[in-house]
Amino acid sequence: LACANAAPHVTNPLGRPGMPKLLVFALAAAVWASTGSAQGFESRLSGAFSLIDDGDYDGAVQKLNELKIDYPDSEFIDYGLAAALYARAAKGYEEGDREAAGVSMEAAKKGFQELQESELPGLRRDAEFNAANSIAQIARDKAAEYIEKFPVVRPEDYKTAELSGREAVSAYESYLAR
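Here is what the cut-offs are and how they apply
- Residue positions are given per chain, counted from 1 along the sequence in the order it is written.
- Selection of residues for local features in this predicted model requires a pLDDT of at least 70, selection of side-chain atom pairs for listing and counting requires 80 or more, and totals for whole chains, interfaces and linings are taken over all residues.
- The side-chain figures draw on all heavy atoms in the structure; neither hydrogens nor water molecules are used.
- The helix and strand labels rest on DSSP assignments: H or I over at least four residues marks a helix, E over at least two residues marks a strand, and numbering proceeds from the N terminus.
- Burial classes: relative accessible area under 20% of the type maximum marks a residue as buried, over 50% as exposed, and values in between as partly exposed (1.4 Å probe, protein chains only).
- Contact between two residues is taken to exist if any of their heavy atoms lie within 4.5 Å; hydrogens are not considered.
- Each residue after the first adds 1.5 Å to the expected span of a helix.
- Pairs of N or O atoms are called polar contacts if they sit within 3.5 Å, as long as, within protein, a hydrogen donor faces a hydrogen acceptor (for residues adjacent in sequence, only side-chain-to-side-chain pairs).
- Nonpolar core, defined: a set of buried Ala, Val, Leu, Ile, Met, Phe, Trp, Tyr and Cys residues in which side-chain atoms within 4.5 Å join the residues together.

1. What to know about the overall build of the protein chain
Right, on to step 1. When you go through the protein chain residue by residue, the secondary structure sums to 7 helices and 0 strands.
Right, on to step 2. The order of helices and strands in the protein chain, counted from the N terminus, is α-α-α-α-α-α-α.
Right, on to step 3. Across the 178 residues of the protein chain, 42% fall into the buried class.
Right, on to step 4. Counted over contacts in the protein chain with a minimum sequence separation of 6, partners at least 24 positions apart contribute 65%.

2. Some points on helix α4 (residues 75-95)
Right, on to step 1. Given a rise of 1.5 Å per residue, 21 residues ought to cover 30 Å, and the 30 Å separating the end C-alpha atoms of α4 matches this to within 8%.
Right, on to step 2. By the criterion of burial, α4 is predominantly enclosed, with 15 of the 21 residues buried.
Right, on to step 3. Sitting at the amino-terminal end of α4 is Ser74, which places a side-chain oxygen 3.3 Å from the backbone nitrogen of Phe76.
Right, on to step 4. Positioned one or two residues after α4, Gly96 has a phi angle of 85°, which is positive.

3. Focus: the nonpolar core
Right, on to step 1. Counting residues in hydrophobic clusters, the biggest one holds 33 residues, and the most contacted among them are Leu45, Ile52, Leu64, Leu67, Ile77, Tyr79 and Phe112.
Right, on to step 2. For this core, the secondary structure elements donating two or more residues are α2 (38-53), α3 (57-70), α4, α5 (98-114) and α6 (121-149).
Right, on to step 3. Broken down by element, this core gets its largest block of residues, 12 residues, from α4.
Right, on to step 4. Leu64 has contacts with Leu45, Ala48, Ile77, Gly80, Leu81 and Ala84, leaving out every residue within four places of it along the chain.
Right, on to step 5. The next biggest cluster of nonpolar side chains, apart from the first, holds 6 residues, and it includes Ala132, Ile135, Ala139 and Ala168.

In structure tokens form, the structure reads like this:
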């Protein structure tokens, strides 16, 4: 999930190079202690991220929701869900299904915004950036919708589009200020 205009790219937070191995081990140990299966958790989570990479966004959402039942407090699952929803929305926008894409993008934005309070700095940073990406995609879609609906744009349409754009810029500025 790099830039707002790029194709969605999702990084598996368990395998990211910048995440200290000790942190991954500590998280896996905590999961294992609570459920007895750290390896199963990591394997299942990686499987869900593979579905995202393969473009099976609905399959990834389903798998992550199943994982959420066993691991309700996992921020990695929450990140995966938001990433899968973002990728599904991006595909929907590309295919012209604005309504479904908009619903998925709003859900992705909400998921990323909730993760901005994470205790894990890398996850928090990625969530903040991807929340800004989500806001930018929503603003871009609103602008495109207004252009299509109103060949002659009314002043109130400019105001709505401007507010969407300002929200996106504000989210990026907040991210860059950190």
